[in-house]
Amino acid sequence: MRKLLVLAGVTCLVALFGLAYELVFGKLFPFTPVVLGFTCQERSHVVVCSEDDNPFGGFEWTDDLVGGVEKSHELTFKTKPRLFFFGKDETYARRSISKARVCAFYNGAVMVSPWIQREDAEGLLSLRVYLTHELSHSLLYQNMGLVRKLGYPRWLMEGVATYSSNQMGTYLYPSQEGTHALIRNGNWIPPEDYETEREDEVPLSVENRKPFMYTEFACIVSDLNSQYSRSAFLGYLKLLLTEPDHDAAFQASFGVGFDEYLAGFRERVVQMTRP
């Protein structure tokens, strides 16, 4: 019995050590209470953590982004988002569960890769746009909680983030007019197919699949705002923070079924080319 207790104790210690390591140096870093290798500054609306010797530095401007995101969504962050600006590719690879340029987590952590900072410095894309996109995700995550996050419509998350960050027409993302043209040419992914097994089966004749999907969803968000009203759209967005039945929330918010609306949206896009 004593040996079993000793073994159990050792096993627990090893597990605790492994957990501590992953929180500080591994894939659980976004949730760490102890930040090593970074210099952190708490500002009015955000906590900025920059990896030591990061050649880019100076991210004070991020404080202004938070207020803009809150205003566009008419929601507030429950806790200040923490932005981690990595300076080394190898550190990002060890501590990020994603290979994306920027990745947001439900607790308010946002991981920023070194290469997007280089791309921004080179003028290839806008770090501000990408951060605004991810802060949109982070804001919604904080207001819905972990359980609801699993069921919140992914197409809507991406559409809102792309629309509110003015990402259409930047870098690899087609403009709103360009997206409409692609839809008229037969390109369309049903929103409910996004991030499901059916997504890869959807034929799309576009240069970049994921950016097109994001801008298609952003065009839907834009259309909902113009066809109904901003207040109606925001009511729908907020209702889904607690309502698990998307179609019921859509009907209650806009007075029309989701499938019927989508058919009307696609017809309006087609009509745009007619005199």
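Just above, that's the structure.
Below is a short write-up of the structure. Since this is a predicted model, take the numbers as computed values, not measurements. (Residues numbered from 1 in each chain as written. Predicted model: local features only at pLDDT ≥ 70, side-chain atom pairs only at ≥ 80, totals over all residues. Heavy atoms only, no water.)

Quick notes on the overall build of the chain
Then, in step 1: The number of helices and strands found in the chain is 11 helices and five strands.
Then, in step 2: Expressed as a percentage of its 275 residues, the buried residues of the chain come to 47%.
Then, in step 3: Considering only contacts within the chain whose residues lie at least 6 apart along the sequence, 65% involve residues at least 24 apart.
Then, in step 4: When the accessible surface of the chain is split by element, carbon and sulfur atoms take 56% of a total near 13,800 Å². (Helix = DSSP H or I, 4+ residues; strand = E, 2+ residues; numbered from the N terminus. Buried < 20%, exposed > 50% of the residue type's maximum accessible area, 1.4 Å probe, protein only. Contact = heavy atoms within 4.5 Å. Areas by Shrake-Rupley, 256 points an atom, 1.4 Å probe, with all protein chains shown as cover.)

Quick look at the nonpolar core
Then, in step 1: Membership of the largest hydrophobic core comes to 64 residues, with the highest contact counts inside it found for L131, L156, F233 and Y236.
Then, in step 2: Tallying contributions element by element places helix α8 (residues 209-227) first for this core, with nine residues.
Then, in step 3: Listed in part, the 11 residues of the second largest apolar core include C49, F84, F86 and A109. (Core = buried A, V, L, I, M, F, W, Y, C linked by side-chain atoms within 4.5 Å.)

A closer look at the packing of helix α6 (residues 154-164) against α8
Then, in step 1: Between α6 and α8, whose axes approach to 7 Å, the crossing angle comes to 80 degrees. One finds that α6 runs roughly perpendicular with respect to α8. Facing α6, whose interface residues are W155, L156, E158, G159, V160, T162 and Y163, α8 presents Y214, T215, F217, A218, I220, V221, S222 and N225.
Then, in step 2: Residue composition of the contact of α6 with α8, grouped by class: nine nonpolar, five polar and one charged. (Axes fitted to C-alpha atoms, helices over the stretch in contact; angles between N-to-C directions. Parallel < 35°, antiparallel > 145°, perpendicular 65-115°, else oblique. Nonpolar A, V, L, I, M, F, W, Y, C, P; charged D, E, K, R; others polar.)

Section: a negative patch on the surface
Then, in step 1: Judged by side-chain charge, E192, D245, D247 and D259 come together as a negatively charged surface patch.
Then, in step 2: Its place among the elements puts D259 in helix α11 (residues 258-271). (Patch = residues over 30% accessible without salt bridge, like charges linked within 9 Å, V, L, I, M, F, W, Y side chains within 5 Å. Salt bridge = Lys/Arg side-chain N within 4 Å of Asp/Glu carboxyl O. Lys, Arg positive; Asp, Glu negative; His and termini not counted. Charge placed at Lys NZ, Arg CZ, Asp CG, Glu CD.)

Concerning the side chain of S50
Then, in step 1: In this structure, S50 sits in strand β2 (residues 47-51).
Then, in step 2: Sequence-distant contacts of S50, that is, excluding residues within four places in its chain, are made with G37, F38, T39, F59 and F85.

Worth remembering: the numbers are spatial, not functional.
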